[in-house]
Amino acid sequence: MLKYFTIFSLSLQNEFTYRLNFILWRSRNILRFLMTFFLWQGVFYSNRSVFGYSQQDMLTYVFLVLVINTFVLSAPSAENIGGEIARGDLSNYLVKPVNYLKYWFTRDLSSKVLNLAFAVFEISVLALMLRPDIKLPEDLVNLLAFFLASVLAMVIYFLISITAASFAFWRPEDIWGARFFIAILIETFAGGIFPLDILPGFLKIVLQLTPFPYLIYFPIAIILGKITGITLIRILFQSLVWTLLMFFLAKLLWKKGLKSYSAEGK
Amino acid sequence: MKHYFKVFLALLNISAKNYLEKRWNVFGIITNSTISLIIMVIFVNVYFSFSKEIFGWTKYQVFLLTGIYRCVSSLFYVLFFRSINWIPNYVQRGTLDIFLTKPINSQFYITFRLTRIFELFSVLTGLVLVYYSLQKMDIMVSIINWSFLILGLLAGLLILYGIYFSLSTLSIWIGRFSGITDVFYILREPLAIPLDLFGKTTSFVLTFIIPLGFIITVPVRLFFGMSPWYFLFFGVFFASLAVWFSSWFWNFSLKHYTSASS
Amino acid sequence: MEEPIIKVGDLKKYYKVHQKEPGLIGSVKSLFSRKYYDVKAVDGVSFEIGEGELVGFIGPNGAGKTTTLKVLSGLLYPTSGKVQVLDFTPWERKTAFQKQFSLVMGQKNQLWWDLPAMESFILNKEIYEVPDDQYKKTLDELVELLEVEDILKIQVRKLSLGQRMKMELIAALIHSPKILFLDEPTIGLDVVMQKKMRDFIREYNKRFNATIILTSHYMDDVKELCERVIIIDHGKILFDGKLEAIIKKFADHKLLTVILEREVDAEKFREIGKLESYEFPRAVISVKRSKVSEAAAKLLKDFPVDDLNIEEAQIEDIIREVFTAENVKS
């Protein structure tokens with residue numbers, strides 16, 4: 001366990017070194033948020049309510065997207081694993097007494113902690129400037145559910161990225177293609193740009209058959225109190241199912257991938 | 001100069017062959033561009049489902065701009081993106097040294113070294129959207145407006161080049177600059193829609209202070225006659241400024257590189 | 001001597017490096033303030049090299065060899081000093097200058113990884129504006145010299161390290177440069193490839209009368225290749241001249257190697273000189289230069305000698321002496 005803590009600490013130090021890169025990454029997220037915010041403002045110029053959301057509601061939603069983004073969709077593992085496989089650097093880790101994937105998950109966690117620490121600052125500034133109307137539910141059940149949903153979201157995202165990264169085992173030349181593809185899907189269908197409940201009925205159902213909405217939309221919907229009772233339990237359950245599904249998929253792909261990787265004698 | 005043209009052709013050639021070595025790439029582009037396009041269309045539809053017009057732009061005008069954005073963005077990918085992206089790599093691995101000993105302008109060589117000619121397919125998807133929007137709008141556009149558009153976009157491409165190249169040059173000053181792709185996305189994302197949609201102040205800042213507006217929005221406004229004709233000259237001015245600055249900053253940074261490293 | 005093509009006068013190159021303390025606290029500190037200190041990579045170096053010479057820069061890592069080479073090829077701006085290469089000031093990086101030299105740095109390759117080396121050659125041809133017929137002629141000569149006909153069309157990533165080095169050389173020489181700068185050319189190669197590399201360098205120097213400057217920390221490179229050697233350490237030149245001169249100047253002893261017919265008490269060798277090593281039947285004794293003949297005669301007379309050999313001291317040892325002597329002085 002101690003070794004994972006050391007990894008955690010070293011990883012934090014690492015992130016400091018690349019402070020500029022970190023600032024850039026945060027800027028990108030903030031820019032996204034601002035863009036989406038301003039865009040929606042345009043729509044509300046001539047309309048009181050859009051899809052049942054008032055301007056305040058939409059602002060709150062977009063704001064929460066920024067918050068959730070900070071700890072769900074941030075993961076150095078997503079960027080690095082594919083490359084390490086492609087370059088053969090993976091071999092360095094396979095000989096060490098540290099589980100490669102656990103190692104990256106730990107690094108991700110340290111990165112998320114760092115992000116949260118910095119994000120608190122920037123989010124407070126933005127909150128003061130724009131005053132979103134966040135009504136936090138007093139319901140303890142809701143808070144707990146949100147917590148659970150967020151944790152599952154983080155895990156699902158991690159599993160999605162390592163699945164995408166595993167394509168590097170078979171196609172080391174083109175790790176970016178798979179990543180880009182997944183990134184586009186996530187951007188659109190996780191609910192980062194617009195709340196998913198404005199989509200027509202059948203689309204809503206189709207989306208629940210993908211792992212994406214559980215990353216952003218559902219955690220937000222839960223904390224906004226939009227999902228309660230039986231539906232809440234159902235959604236949490238579906239989240240869990242997806243976590244397990246992705247877990248097994250990732251496990252399978254990695255098993256096969258590692259086999260083919262060692263077969264090439266790297 | 002003939003020499004530079006020949007080197008350019010040789011680089012196009014070698015890049016293309018290099019690209020074909022990875023067959024998966026071609027398939028990857030086709031799927032990615034098509035999906036990106038579909039998603040854009042969904043998004044714009046959602047956005048305009050309550051208002052006919054937002055900040056002076058109608059739905060099909062936005063579609064047209066999105067198609068244009070696709071074309072320009074893809075063109076940038078074809079010519080410059082990968083090359084500029086690799087600059088931090090060259091600096092870190094020391095490959096920059098090898099380029100500096102070659103009898104050719106280093107900025108030119110690096111800029112055109114990694115072209116992706118097959119990315120032109122994405123330009124096609126953009127053109128499809130443009131054509132579709134024009135059909136739906138059923139308007140007559142004069143040759144003059146077409147030329148304003150083309151010239152404006154060329155200037156815009158150069159502005160994007162200048163800004164991105166200069167930012168990438170920062171890797172000479174900063175150690176590991178892996179954030180370079182993030183920078184590109186930061187620059188590029190706002191361009192996908194008319195900057196006017198961001199409101200008056202923001203769009204002013206993004207047009208005249210950081211000349212992003214002149215990359216896509218203003219040329220398209222010129223096309224629809226929404227902006228006065230002399231805006232084209234502003235665009236050209238900013239383009240020259242951007243390219244000049246990138247060159248100046250590159251040489252300035254090389255001075256630092258050649259005196260501070262070992 | 002005719003006009004030298006490389007002239008270096010009191011070259012100095014200093015640069016600043018910052019320190020960072022280890023640990024998390026150190027990282028946070030470095031966010032706010034940094035401590036810098038001066039590194040004197042090259043500290044007052046002067047020499048001249050004539051056309052067609054084959055010169056070796058020898059020194060330990062960090063001695064300043066690579067830095068000097070980089071200044072000569074125009075990659076670095078010196079802190080002070082005068083440098084002329086082929087009547088050009090290198091760091092102005094004039095095209096006319098760049099077309100006449102080539103720089104090969106061991107680990108930094110210029111070949112396109114996923115394509116056959118041939119493609120990289122063609123690209124270089126265009127960059128250096130080599131006329132078609134000259135290109136073909138040079139290519140054929142180099143291919144023959146390096147024996148690589150059958151691997152020209154194979155992708156670079158599929159070649160062995162030795163084969164890749166050969167291709168890098170061709171890419172670097174396709175424009176027939178007058179001066180060739182080689183930075184650690186044999187690093188990472190196996191013994192066989194090292195020899196092949198040295199043979200090639202020697203041959204190229206002879207055939208094309210190209211001026212070759214190489215840096216190395218391998219003694220064998222020096223031994224095999226360079227008539228003239230420049231020893232550099234801590235940014236200063238310790239010695240510049242023929243290899244034999246070093247040996248004569250700094251090696252005050254020679255090595256006598258005897259093969260014995262039967263065991264002899266090690267103590268007895270003390271009468272002859274210093275016993276460097278003794279493993280029956282072989283003994284190595286180091287003897288002062290002036291006393292060599294006397295010692296040899298005594299060995300043959302008093303010892304059961306089967307075979308006797310007289311050699312110069314190991315170059316490594318000699319050069320090590322040069323370094324320590326100079327360090328003691330300064």
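The rules behind each value
- For every chain, the first residue of the written sequence is number 1, and numbering continues from 1 onward in sequence order.
- Lettering for chains starts from A, numbering for ligands starts from 1, and both go in the order in which the items are written.
- Totals for whole chains, interfaces and linings use all residues, but because this is a predicted model, local features are given only for residues with pLDDT of at least 70 and pairs of side-chain atoms are given and counted only at 80 or more.
- Excluded from the side-chain calculation are hydrogens and water; included are all heavy atoms of the structure.
- Comment: elements are numbered from the N terminus, with helices defined as DSSP H or I runs of at least four residues and strands as E runs of at least two.
- We take the radius of gyration over the C-alpha atoms and set the globule estimate at 2.2 Å times the residue count to the 0.38 power.
- Burial classification: accessible surface area is computed with a 1.4 Å probe over protein chains only, and a residue below 20% of its type maximum counts as buried, one above 50% as exposed, and the rest as partly exposed.
- Should any heavy atoms of two residues lie within 4.5 Å, those residues are considered in contact.
- Each accessible area value is a Shrake-Rupley result obtained with a 1.4 Å probe; residue values ignore everything except the protein chains displayed when judging cover.
- For the purpose of charge, His is not counted, nor are the chain termini; Lys and Arg are scored as positive and Asp and Glu as negative.
- Charge positions come from single atoms, namely NZ of Lys, CZ of Arg, CG of Asp or CD of Glu.
- Think of it as the arc spanned by the lines of direction from the helix axis to the C-beta atoms.
- Put simply, buried area is the surface a 1.4 Å probe can reach on two separate parts but cannot reach once they are joined, added for both.
- Only one rule defines a salt bridge in this text: a Lys or Arg side-chain nitrogen within 4 Å of an Asp or Glu carboxyl oxygen.
- Polar contacts here mean pairs of N or O atoms no more than 3.5 Å apart (in protein, one a potential hydrogen donor and the other a potential acceptor; neighbouring residues in sequence count only if both atoms are side-chain atoms).
- Following DSSP output, two strands are said to pair if at least two bridges run between them.
- Lines fitted to the C-alpha atoms define the axes, with helices restricted to the stretch that makes contact. Angles between their N-to-C directions range from 0 to 180 degrees.
- By convention, a stacked pair of Phe, Tyr or Trp rings (six-membered ring in the case of Trp) has centres within 6.5 Å and planes under 30 degrees apart, an edge-to-face pair has planes over 60 apart, and any other such pair is tilted.
- Definition used: whenever NZ (Lys) or CZ (Arg) falls within 6 Å of the ring centre and also within 35 degrees of the ring normal, the charge is taken to sit over that ring.
- Exposure above 30% relative accessible area and the absence of a salt bridge qualify a residue for a patch, where like charges join within 9 Å and nonpolar side chains (Val, Leu, Ile, Met, Phe, Trp, Tyr) within 5 Å.
- Buried Ala, Val, Leu, Ile, Met, Phe, Trp, Tyr and Cys residues that are joined via side-chain atoms within 4.5 Å together make up what is termed a nonpolar core.
- Each angle gets one of four labels, with under 35 degrees taken as roughly parallel, over 145 as roughly antiparallel, 65 to 115 as roughly perpendicular, and the rest as oblique.
- Left-handed describes a crossing whose near helix is turned anticlockwise from the far helix by less than a right angle; the clockwise case is right-handed.
- For this scheme, ten residues count as nonpolar: Ala, Val, Leu, Ile, Met, Phe, Trp, Tyr, Cys and Pro. Four count as charged, namely Asp, Glu, Lys and Arg, and the remainder, Gly too, count as polar.
- Scored from 0 to 100, pLDDT records how confident the predictor is in each individual residue.

**What to know about the overall build of chain B**
Then, number 1: Counting its secondary structure elements, chain B contains 12 helices and 2 strands.
Then, number 2: Relative to the 2.2 N^0.38 estimate, which gives 18 Å for 262 residues, the radius of gyration of chain B is 19 Å and therefore close to what a compact globule would have.
Then, number 3: C-alpha extents for chain B along the principal axes are approximately 60 × 40 × 35 Å.
Then, number 4: By residue count, 61% of the 262 residues in chain B fall in the buried class.
Then, number 5: Counting only contacts in chain B whose residues sit at least 6 apart along the sequence, the fraction spanning at least 24 positions is 78%.
Then, number 6: On chain B, roughly 11,000 Å² of surface is accessible, and the fraction owed to carbon and sulfur atoms is 69%.
Then, number 7: Where the 19 positive side-chain charges of chain B centre and where its 8 negative ones centre are 9 Å apart.

**A word on helix 10 (residues 292–302) of chain C**
All names here are of chain C.
Then, number 1: Here helix 10 has its buried residues at Val 292, Ala 295, Ala 296 and Leu 299. Angularly, the buried residues of helix 10 cover 100° about the axis, an arc narrow enough to put them on a single face. Projecting away from the buried face of helix 10 at angles above 90 degrees are the exposed residues Ser 293, Glu 294 and Lys 301.

**A few points about the interface of chain C and chain B**
Then, number 1: Opposite the 28 residues of chain C that make contact, chain B presents 32 residues.
Then, number 2: Buried area between chain C and chain B, summed over both chains or domains, comes out near 3,000 Å², and the portion from carbon and sulfur atoms is 60%.
Then, number 3: A per-residue breakdown of the area chain C buries against chain B is headed by Leu 75, Trp 112 and Ile 127 of chain C, which together make up 23% of the total.
Then, number 4: Linking chain C to chain B there are 2 salt bridges.
Then, number 5: Lys 17 of chain B serves as the salt-bridge partner of Glu 119 of chain C, at 2.9 Å between the closest nitrogen and oxygen.
Then, number 6: For the pair chain C and chain B, the interface holds 8 residue pairs in polar contact (both at pLDDT 80 or more).
Then, number 7: Elements with a contribution of two residues or more to the side of chain C that touches chain B: strand 1 (6–19), helix 3 (95–98), strand 5 (101–105) and helix 4 (117–127) of chain C.
Then, number 8: Sorting elements by how many residues they give to the side of chain C that touches chain B places helix 4 of chain C first, with 6 residues.

**Digging into the sheet that holds strand 12 (residues 282–288) of chain C**
Residue and element names in this part refer to chain C.
Then, number 1: With antiparallel pairing, the 4 strands of this open sheet are ordered in space as 11-12-10-13. Bordering the open sheet on either side are strand 11 (274–279) and strand 13 (305–312), each of which pairs with just one other strand. Neighbouring strand axes in the sheet, compared pairwise and without regard to direction, differ in orientation by 20° on average.
Then, number 2: Two elements, strand 10 (residues 253–260) and strand 13, share 7 bridges in a ladder whose sense is antiparallel. For Lys 254, the partnering residue across the bridge sits in strand 13 and is Glu 312.
Then, number 3: Together, strand 10, strand 12 and strand 13 form the strand contacts of helix 10, whose direction differs from that of strand 13 by roughly 165°.

**Description of the environment of Leu 114 of chain B**
Then, number 1: By the secondary structure assignment, Leu 114 of chain B is in the loop between helix 6 (106–112) and helix 7 (120–137).
Then, number 2: Of the residues examined, Leu 114 of chain B reaches a relative accessible area of 5% and is grouped as buried.
Then, number 3: Residues Leu 114 of chain B and Thr 58 of chain B, spaced 56 residues apart in sequence, show a C-alpha to C-alpha distance of 38 Å.
Then, number 4: If we skip the residues at most four places from it in the chain, Leu 114 of chain B touches Ser 15, Arg 82, Ser 83, Trp 86 and Tyr 90 of chain B together with Trp 112 of chain C.

**Remarks on the sheet that holds strand 3 (residues 54–58) of chain C**
All names here are of chain C.
Then, number 1: The sheet built from 6 strands is open, its strands ordered 5-6-7-3-8-9 with mixed pairing. Since the sheet does not close on itself, it has two edges, and those belong to strand 5 and strand 9 (236–242), each with one partner. Looking at each pair of strands side by side, their axes are set apart by 15° on average, direction ignored.

**A word on the packing of aromatic side chains**
Then, number 1: Applying the stated criterion to the full structure yields 54 aromatic pairs over all chains.
Then, number 2: Ring centres of Phe 208 of chain B and Phe 231 of chain B lie 5.9 Å apart, and the angle between their planes is 80°; this geometry places the pair in the edge-to-face category. With Phe 208 of chain B in helix 10 (residues 200–209) and Phe 231 of chain B in helix 12 (residues 231–260), this pair connects stretches of sequence that are 23 residues apart.
Then, number 3: For Phe 208 of chain B, a relative accessible area of 30% gives the class partly exposed.
Then, number 4: Phe 231 of chain B gets classed as buried once you look at its relative accessible area, which sits at 16%.
Then, number 5: Ring-pair connections join several aromatic residues into one group, and the members of that group are Tyr 4, Phe 8, Phe 76, Tyr 77, Phe 80, Phe 81, Phe 108, Phe 112, Tyr 161, Tyr 164, Phe 165 and Trp 250 of chain B.
Then, number 6: The ring of Tyr 14 of chain C is capped by Lys 40 of chain C, whose NZ or CZ atom sits 5.4 Å from the centre of that ring.

**Notes on a nonpolar patch on the surface**
All names here are of chain B.
Then, number 1: A surface patch of nonpolar side chains, amounting to about 740 Å² of accessible area, comprises Trp 173, Phe 237, Leu 241, Trp 244, Phe 245, Trp 248 and Phe 252.
Then, number 2: Summarising the element assignment, Phe 237 is placed in helix 12.
Then, number 3: Classification of Phe 237 as partly exposed rests on a relative accessible area of 47%.

**Considerations on the pairing of strand 8 (residues 228–233) of chain C**
All names here are of chain C.
Then, number 1: With 6 of 6 residues buried, strand 8 lies mostly within the body of the structure.
Then, number 2: Residues of strand 8 alternate between two faces, with Arg 228, Ile 230 and Ile 232 on one and Val 229, Ile 231 and Asp 233 on the opposite face, all of them buried.
Then, number 3: In this structure, strand 3 lies alongside strand 8, joined through 4 bridges in parallel fashion. Each residue of the ladder has a partner; that of Val 55, found in strand 8, is Arg 228.
Then, number 4: Counting the residues that bridge the hairpin from strand 8 to strand 9 gives 2 residues, and of these His 234 lies at a positive phi of roughly 50°.

**Quick word on the nonpolar core**
Then, number 1: Ranked by internal contacts, the top residues of the largest apolar core, which has 241 residues, are Leu 215 of chain A, Phe 76 and Leu 96 of chain B together with Ile 6, Phe 121, Met 167 and Ile 170 of chain C.
Then, number 2: Here this core gets 14 residues from one element, more than from any other, and that element is helix 3 (residues 59–85) of chain B.
Then, number 3: One finds Phe 269, Ile 285, Ala 296 and Leu 299 of chain C within the second-largest nonpolar core, a separate group that totals 15 residues.

**A few points about a negative patch on the surface**
Then, number 1: On the surface, a cluster of negative charge is made up of Glu 144, Glu 147, Glu 149 and Asp 150 of chain C.
Then, number 2: With respect to the secondary-structure elements, Glu 149 of chain C resides in the loop between helix 5 (132–146) and helix 6 (161–173).

**Points about the packing of helix 1 (residues 2–20) of chain B against helix 4 of chain C**
Then, number 1: Between helix 1 of chain B and helix 4 of chain C, whose axes approach to 9 Å, the crossing angle comes to 165°. One element, helix 1 of chain B, and the other, helix 4 of chain C, form an angle in the roughly antiparallel class. In terms of crossing hand, the pair formed by helix 1 of chain B and helix 4 of chain C is left-handed. Only Glu 119, Ser 120, Leu 123, Glu 126 and Ile 127 of chain C of helix 4 of chain C make contact with helix 1 of chain B, whose side of the interface consists of His 3, Lys 6, Val 7, Ala 10, Leu 11, Ile 14 and Lys 17 of chain B.
Then, number 2: Here the contact of helix 1 of chain B with helix 4 of chain C is built from residues that sort into 6 nonpolar, 2 polar and 4 charged.

**Remarks on the environment of Trp 91 of chain C**
Residue and element names in this part refer to chain C.
Then, number 1: Examined against the element boundaries, Trp 91 turns out to sit in the loop between strand 4 (80–85) and helix 3.
Then, number 2: Sequence separation of Trp 91 and Gly 74 is 17 residues, and the distance between their C-alpha atoms is 3.9 Å.
Then, number 3: Ignoring anything within four residues of it in the chain, the contact list for Trp 91 reads Val 71, Gly 74, Leu 76, Tyr 77, Pro 78, Gly 81 and Val 83.

**Quick notes on the confidence of the model for chain B**
All names here are of chain B.
Then, number 1: When pLDDT is averaged along chain B, the result is 85, and 94% of the positions lie at 70 or above.
Then, number 2: No element of chain B has a lower mean pLDDT than helix 9 (residues 180–188), which averages 74, and none a higher one than helix 6, which averages 93.
Then, number 3: Across the whole predicted complex the pTM is 0.78, and at the interface the ipTM reaches 0.81.

**Focus on the side chain of Lys 13 of chain C**
Residues and elements named next belong to chain C.
Then, number 1: Within the secondary structure, Lys 13 is located in strand 1.
Then, number 2: We classify Lys 13 as buried; its relative accessible area is 1%.
Then, number 3: A distance of 3.0 Å separates the side chain of Lys 13 from the backbone oxygen of Tyr 77, its partner in a polar contact.

**Section: unusual backbone geometry**
Then, number 1: The linkage connecting Phe 280 of chain C with the following residue, Pro 281 of chain C, adopts the cis geometry, with an omega of 5°.
Then, number 2: Checked against the element boundaries, Pro 281 of chain C lands in the loop between strand 11 and strand 12.
Then, number 3: Positive phi, normally seen in glycine, also occurs at Phe 55 of chain B, with a value near 50°.
Then, number 4: Looking at where Phe 55 of chain B falls in the secondary structure, it is placed in the loop between strand 1 (53–54) and strand 2 (57–58).
Then, number 5: Positive phi outside glycine occurs at Arg 93 of chain C, with the angle close to 50°.
Then, number 6: The class for Arg 93 of chain C is partly exposed, based on a relative accessible area of 22%.

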